[in-house]
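Structural overview
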Amino acid sequence: MNATDATELQFVVVMDGEATDDHVEDVLECLSRAGARGRVAPGRDTTMIGAIGEQGLLARVALDERPGVARVLPVSKPYKLASLDASPEQTVIQVRGRRVGGDAFALIAGPCTVESREQTLATARAVASAGATMLRGGAFKPRTSPYSFRGLGETALAILEEAREETGLPIVTELLDPRHMEAVVQIADVIQIGARNMQNFLLLSEVGRCDKPVLLKRGPSASIEELLMAAEYILKEGNERVILCERGIRTFEPSTRYTLDVAAVPVLKQETRLPVIVDPSHAAGRRELVPALARAAVAAGADGLLVEVHPDPDTALCDARQLLATATFPEFASEIEALAALMGKAFG
Ligand code: PEP
Ligand code: MN
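So, a few notes on the structure that sits alongside this text. It should be emphasised that the depicted structure is a prediction, and the values quoted were computed from it without experimental measurement.

What surrounds ligand 1 is a group of 13 residues, the closest being R136, K141, A195, K217 and R247. Side-chain polar atom of R196 to an oxygen atom of ligand 1: 3.0 Å apart, as the coordinates give it. Measuring from an oxygen atom of ligand 1, one finds a side-chain N or O atom of R247 at 2.6 Å. Against a free-state accessible area of 290 Å², the protein chains account for coverage of 97% of ligand 1. Here the residues of the shell around ligand 1 sort into three nonpolar, three polar and seven charged.

As structure tokens, then:
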């Protein structure tokens with residue numbers, strides 16, 4: 001999209017939740033008087049109107065004051081809603097009394113995959129008592145090989161629910177497919193969209209229409225701009241609660257599973273108001289590297305960490321090499337808490 005092109009999209013008018021059809025009509029008339037066109041995109045909670053026309057003419061239309069208009073966003077950035085231009089204030093996301101964003105740091109910990117009730121409850125208890133702020137655990141797992149363990153599905157969701165009841169920790173779990181939406185939404189407090197699905201645009205729109213925060217992981221081959229455009233799909237449907245997650249990208253370097261793009265943290269912070277967290281586990285692929293990458297992430301300004309933890313990592317059915325042992329987690333958590341404090345953040 002080229003904002004200087006005479007007949008390109010110049011800005012987006014976001015109507016407020018109370019706006020009526022007459023308010024939308026009024027905006028369209030204002031645009032038409034300026035020799036421009038408005039393209040209406042209705043959403044569940046908000047309607048948006050794209051203003052297409054000549055930049056010079058449109059610059060003179062004052063739409064901010066019209067009834068029903070919440071915001072007028074310039075399209076200097078293709079990710080209009082995720083952009084800092086849209087709202088300079090950091091987004092703080094509340095989840096069952098926990099917070100992430102601003103000065104609130106999220107330590108999200110738990111097994112890669114829910115394997116059994118015992119393994120999940122043992123992990124949940126351990127990470128809760130060490131200060132974790134949310135529990136992660138995969139019920140539906142994306143696996144490279146179709147012969148690998150692909151999760152316990154709905155049975156795992158019930159186990160996660162039990163873990164939440166006991167520990168009070170909000171649940172973060174992945175949604176792989178819109179067909180699982182109903183089951184996942186019932187249990188999840190935060191819906192994870194995995195790296196492989198970052199550009200599954202139908203799935204993104206789907207979670208954009210639900211009322212749960214979304215943890216969106218960067219695809220291993222996706223640019224930062226593509227990550228922001230993926231977030232835009234969710235925001236555009238009216239779901240404002242998106243957490244971005246850097247989890248390593250694919251490079252030529254074979255000594256780690258992926259290459260953690262630490263620079264993505266400050267770059268994203270410059271571009272967006274959304275919380276940015278880091279997953280050092282999938283990036284490292286090796287547990288002995290996880291603490292160092294986690295520290296780097298906190299020092300780079302991350303708003304949280306997503307870390308895989310297991311009571312007996314060597315027996316794990318998924319991602320065994322990268323799981324931190326529950327026994328070592330308290331020390332890890334207290335180191336992260338101290339470092340987060342140096343960065344002006346406290347566990348939320
Ligand atoms: C996970 O969090 O367990 C996972 C599968 O991560 P990713 O989508 O980043 O590979
Ligand atoms: Mn994993």
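Moving on from the coordinates now.
The antiparallel open sheet is built from four strands, whose spatial order is 2-3-1-4. At either end of the open sheet lies a strand with only one pairing partner, and these are strand 2 (37-42) and strand 4 (69-74). Neighbouring strand axes in the sheet, compared pairwise and without regard to direction, differ in orientation by 20 degrees on average.

Below, the discussion takes up the environment of I243. Among the secondary structure elements, I243 is positioned in strand 12 (residues 242-246). Once the C-alpha coordinates of I243 and I93 are considered, the two residues, 150 residues apart in sequence, prove to be 8.2 Å apart. Not counting the four nearest positions on each side in its chain, I243 is found in contact with I93, V100, V190, V214, L215, L216, P275 and I277.

Criteria and thresholds
Residues numbered from 1 in each chain as written. Chains lettered and ligands numbered in written order. Predicted model: local features only at pLDDT ≥ 70, side-chain atom pairs only at ≥ 80, totals over all residues. Heavy atoms only, no water. Near = heavy atom within 4 Å. Polar contact = N/O pair within 3.5 Å; in protein donor to acceptor, adjacent residues only side chain to side chain. Areas by Shrake-Rupley, 256 points an atom, 1.4 Å probe, with all protein chains shown as cover. Nonpolar A, V, L, I, M, F, W, Y, C, P; charged D, E, K, R; others polar. Pairing = 2+ DSSP bridges. Helix = DSSP H or I, 4+ residues; strand = E, 2+ residues; numbered from the N terminus. Axes fitted to C-alpha atoms, helices over the stretch in contact; angles between N-to-C directions. Contact = heavy atoms within 4.5 Å.

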